[in-house]
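Structural overview
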Amino acid sequence: MAFAVFDIETRIDKRLLNDVFHAGEKLGDDEAYGKLIGEGGFPPLTLHVPISIAVGKVGDDHALHAVESLALANYSEERLCREFWDRAERFAGCLVSFNGRQFDIPVMELQALRLGIPTPLHFSDAGRHRYDEDRHLDLFEFISNRGAARLRGGLDLLLKLIGLPGKVGIDGSQVQRLFDEGRLDEIHRYCRSDVIQTYFLFLRVQLIRGRLDADSYQSARAASTRFLDELGHPCPGPMD
C-alpha cells in the first residue's frame with residue numbers, strides 16, 4: 001500500500017470573523033482579529049483558510065520518496081484546496097496525518113463547502129469512517145488511544161522523544177504573523193519540515209504496531225535519511 005503523509009498550515013479569515021462575530025460593531029478586520037487573539041484559546045475551525053499544504057509520498061516499501069508543496073506554480077488559496085482534493089480523490093492508498101481528523105480534514109471539508117469542490121469518495125461511508133485506518137491513519141488518534149490518553153506537548157514532544165528536532169524556529173502559533181508579513185516561503189518550508197518529521201513518527205508507529213519488522217523499519221529509515229538533511233539533524237537510531 002502507498003501512503004501520503006500530509007500537513008496543512010492556515011491563516012484566519014479576518015473578514016469572515018468580523019462579519020459574523022462582530023457584526024454592527026464597526027471594527028476593522030485586524031481589530032476583530034486582535035480581539036479574538038486577546039480572548040485566548042484556539043480560533044474556531046470555521047475561520048481557518050489553508051495557505052500551505054505539503055505531501056510526502058511513501059511507497060509500498062515505507063520509504064519516503066518525495067515531499068511536495070502543493071500549488072506553488074500560479075499559487076492561489078483556491079488552487080491549493082482544489083489540488084489537495086483532486087489528489088485525495090484519486091489516491092488509492094492511505095492518508096497519514098497528525099491530528100488530521102480533528103483539524104486538517106475538517107478545515108479542508110469546509111473549504112470544499114466554501115468553494116463547491118465535489119469530493120464524493122471522501123464523503124462516502126468508507127472515506128469518513130473514523131475507525132478505518134486503511135484510508136486515513138491519524139497518528140495522534142493512534143498514540144492517544146483515540147483521546148483516552150492526554151498527549152501534553154503534542155507533536156513537538158513526540159518528535160523529540162524519538163530523536164528528531166521537533167519545532168525549531170517556527171511553530172504553528174507564528175504562522176499568522178508570518179502570513180501577514182508576506183513570508184509565505186517560510187511557511188511552506190515549515191509545513192514541509194512538519195511532513196518530513198511526521199513521516200519518521202509514522203515509520204516508528206508502523207514498527208511498534210507490527211506493520212514493519214525491525215529489518216524493514218531500518219531499511220525504510222535508511223532510504224529516507226536524505227530528507228533529514230533539510231532539518232540539519234542526523235537520522236534517529238532504530239530504537240532511540
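These remarks concern the structure in this document. The structure presented is a predicted model; accordingly, all values stated were derived computationally and were not measured.

Brief notes about the nonpolar core
One broad rule of soluble globular proteins: the nonpolar side chains tend to lie buried together. Judged by nonpolar contacts, the single largest core of 33 residues is most densely connected at V58, F98, L139, I196, Y199, L201 and F202. Mapped onto this core, the elements with two or more residues apiece are β1 (3-12), β2 (48-58), β3 (64-69), β4 (94-97), α6 (139-143), α7 (154-161), α9 (184-208) and α10 (214-223). It is α9 that contributes the most residues to this core, ten residues altogether. Ignoring sequence-local partners within four residues, the contact set of F202 consists of F3, V58, H62, V96, L137 and L139. Counting 19 residues, the second-largest nonpolar core is a separate cluster that includes A4, F6, I105 and I117.

Some points on the packing of helix α1 (residues 14-21) against helix α2 (residues 29-38)
Between two packed helices, what matters for the description is the angle formed by their axes and the separation of those axes. It is the contact of α1 with α2, at a shortest axis distance of 8 Å, that shows an interaxial angle of 80°. As judged from the angle between their axes, α1 and α2 are roughly perpendicular. Judged by residue contacts, K14, R15, L17 and N18 of α1 engage D29, D30, A32, Y33 and L36 from α2. Of the residues that constitute the contact of α1 with α2, the class distribution is four nonpolar, one polar and four charged.

Examining the packing of α7 against α9
Two numbers describe how α7 lies on α9: the axes approach to 10 Å, and their chain directions differ by 60°. Along this stretch, α7 crosses α9, giving a crossing that reads as left-handed. Contacts between α7 and α9 involve L155, L158 and L159 on the former and, on the latter, Q197, T198 and L201. Partitioning the contact of α7 with α9 into residue classes produces four nonpolar, two polar and no charged.

A short note on α2
Of the residues making up α2, those classed as buried are A32, Y33 and L36. Seen end-on, α2 carries its buried residues on one side only, within an arc spanning 100°. When the buried face of α2 is taken as reference, the exposed residues oriented beyond 90 degrees from it are D30 and G38. Looking at the buried residues of α2, the elements they touch are β1, α1 and α8 (175-180).

Rules behind the numbers
- Residues numbered from 1 in each chain as written.
- Predicted model: local features only at pLDDT ≥ 70, side-chain atom pairs only at ≥ 80, totals over all residues.
- Heavy atoms only, no water.
- Core = buried A, V, L, I, M, F, W, Y, C linked by side-chain atoms within 4.5 Å.
- Buried < 20%, exposed > 50% of the residue type's maximum accessible area, 1.4 Å probe, protein only.
- Helix = DSSP H or I, 4+ residues; strand = E, 2+ residues; numbered from the N terminus.
- Contact = heavy atoms within 4.5 Å.
- Axes fitted to C-alpha atoms, helices over the stretch in contact; angles between N-to-C directions.
- Parallel < 35°, antiparallel > 145°, perpendicular 65-115°, else oblique.
- Nonpolar A, V, L, I, M, F, W, Y, C, P; charged D, E, K, R; others polar.
- Left-handed = near helix turned anticlockwise from the far one by under 90°.
- Arc of directions from axis to C-beta.

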